[in-house]
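Descriptive analysis of the structure
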Amino acid sequence: MKKMLLLSVSVLFGMQAGLAMAANPDTGPGCGLGKLAWGDYKSQKDIAPQVLMATTNGTFGSQTFGISSGTSGCTNDGKVMSEHKATMFAELNFENLSQEMAQGQGEHLASMATLMGVPAQHQGEFFSHAQEHYTSLVKAGEASPVAMVKALNATIATHPVLAQAMVK
C-alpha cells in the first residue's frame, strides 16, 4: 500500500512537471542532479527524460542547491541578483533608506551605495547626491522602493563623477 501511494505521488508530481514542460519543451529542467543522472538519455527534448530530470531535482532539491552554489551543471553568474539586489534591499529597508537619503548619511545609504556598485572613494558624493535629489527620488504619494531605485539610477547617470565611477 505504501509503495502504491509513493508511486502515485511520484507519478502525480511527474505529470505536473511534464505538463509544465510540454507547454515549452525547449527549456527543459535545466540543471541539477536530475540533469546529471538522466543527461545521457537519448532524445533530451522528449517528455520522459525531462520528467525524470524534473522529478529527480524536485525529490532531492538539488536544482536549487546547484543554482545557488554553481554546481551540478548549474551556472551561478549572479546576473539576476546583481540586477535586482539594490531594489530588493530598498524594498526591505525603504523607510530607513528614505530617512538616511534625506540626511545624506547612514548605514542603509552606505549599503545601498555598495550594492549599486559605487566605489568607496565616491560614496561621499553618492550621499550628497542622494540628499540633493531626495525630493525627486522619494516623491510623496508615489513613494515606492522600485520607483526610488529607478530614479536614483537615472539621476546617477547624469552625475559627471558617479556615472563614470560606477562600473557594472
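Below or above, wherever it landed, is the structure these notes cover. Every chain's residues receive numbers from 1 upward, in the order its sequence appears when written. Confidence filtering applies because this is a predicted model: local features only for residues at pLDDT of at least 70, side-chain atom pairs given and counted only at 80 or more, and all residues used for totals across whole chains, interfaces and linings. Side-chain calculation: all heavy atoms of the structure are included, whereas hydrogens and water are not.

Structural notes on the overall build of the protein chain
Going by this rule: Each helix corresponds to a stretch of at least 4 residues labelled H or I by DSSP, and each strand to a stretch of at least 2 residues labelled E; elements are numbered beginning at the N terminus. Each residue is assigned to one of three classes by its accessible area relative to the maximum for its type, calculated with a 1.4 Å probe on protein chains only: buried under 20%, partly exposed between the two thresholds, exposed over 50%. For this analysis, residues touch if any pair of their heavy atoms sits within 4.5 Å. Per-residue and other accessible areas follow the Shrake-Rupley method at a 1.4 Å probe size, with only the shown protein chains counted as cover for residues.
Summing up its helical and strand segments, the protein chain has 11 helices and zero strands in all. Walking the protein chain from its N terminus toward its C terminus, one meets helices and strands in the order α-α-α-α-α-α-α-α-α-α-α. With 168 residues in all, the protein chain has 32% of them scored as buried. Once local pairs closer than 6 in sequence are excluded, the contacts in the protein chain between residues at least 24 apart make up 53%. In the form shown here, the protein chain has an accessible surface area of approximately 10,700 Å², with 61% of it arising from carbon and sulfur atoms.

A look at the side chain of His-129
Convention followed: Definition of a polar contact: a pair of N or O atoms within 3.5 Å, with one able to donate and the other able to accept a hydrogen when the atoms are protein atoms, and with sequence-neighbouring residues admitted only if both atoms are side-chain atoms.
Tracing the backbone through its elements, the reader meets His-129 in helix H8 (residues 123–132). On the accessibility criterion, His-129 (4% relative accessible area) is buried. A distance of 2.9 Å separates the side chain of His-129 from the side chain of Thr-155, its partner in a polar contact. Among residues more than four places away in sequence, those in contact with His-129 are Thr-155, Ile-156, His-159 and Leu-162.

Quick word on the environment of His-122
Tracing the chain through its elements places His-122 in the loop between helix H7 (107–115) and H8. For the pair His-122 and Met-166, spaced 44 residues apart in sequence, the C-alpha to C-alpha distance is 9.1 Å. The residues contacting His-122, other than those within four sequence positions of it, are Val-161, Leu-162 and Ala-165. For His-122, the side chain forms a polar contact with the side chain of Glu-125, separated by 2.8 Å.

Focus on the packing of aromatic side chains
Heads up, the rule is: Each aromatic pair joins two rings of Phe, Tyr and Trp (for Trp, the six-membered one) with centres within 6.5 Å, and gets the label stacked for planes under 30 degrees apart, edge-to-face for over 60, and tilted for any other angle.
What the rule picks out here adds up to one aromatic pair. With a centroid separation of 6.3 Å and an interplanar angle of 65°, the aromatic rings of Phe-126 and Phe-127 are classed as edge-to-face.

Remarks on the nonpolar core
This is how the line gets drawn: Note on terminology: a nonpolar core comprises buried Ala, Val, Leu, Ile, Met, Phe, Trp, Tyr and Cys residues joined through side-chain atoms within 4.5 Å.
Ranked by size, the top nonpolar core spans 22 residues in total, and within it Leu-97, Met-101, Met-112, Met-116, Phe-126, Met-148 and Leu-152 carry the most contacts. With four residues, the single largest contributor to this core is helix H10 (residues 145–158).

Some words on a nonpolar patch on the surface
Let me state the cut-off plainly: Nonpolar side chains (Val, Leu, Ile, Met, Phe, Trp, Tyr) within 5 Å and like charges within 9 Å form the patches, drawn only from residues with over 30% relative accessible area and no salt bridge. One speaks of a salt bridge when a side-chain nitrogen belonging to Lys or Arg is within 4 Å of a carboxyl oxygen belonging to Asp or Glu.
A cluster of nonpolar side chains, Leu-33, Leu-36 and Phe-60, forms an exposed patch at the surface whose accessible area comes to about 320 Å². As for its position among the elements, Leu-33 is in helix H2 (residues 33–38). Taking the relative accessible area as the measure of exposure, Leu-33 reaches 36% and is therefore partly exposed.

So, helix H3 (residues 47–60)
Basically, it comes down to this: The span you would expect from a helix comes to 1.5 Å times its residue count less one.
Here H3 is 14 residues long and its end C-alpha atoms lie 20 Å apart, about the 20 Å a rise of 1.5 Å per residue gives. Pro-49, Gln-50, Val-51, Met-53, Ala-54, Thr-56 and Asn-57 are the residues of H3 that are buried. Just past H3, the residue Gly-61 takes up positive phi, approximately 65°.

Thoughts on the environment of Phe-127
Looking at where Phe-127 falls in the secondary structure, it is placed in helix H8. Along the sequence, Phe-127 and Ala-113 sit 14 residues apart, while their C-alpha atoms lie 8.2 Å from each other.

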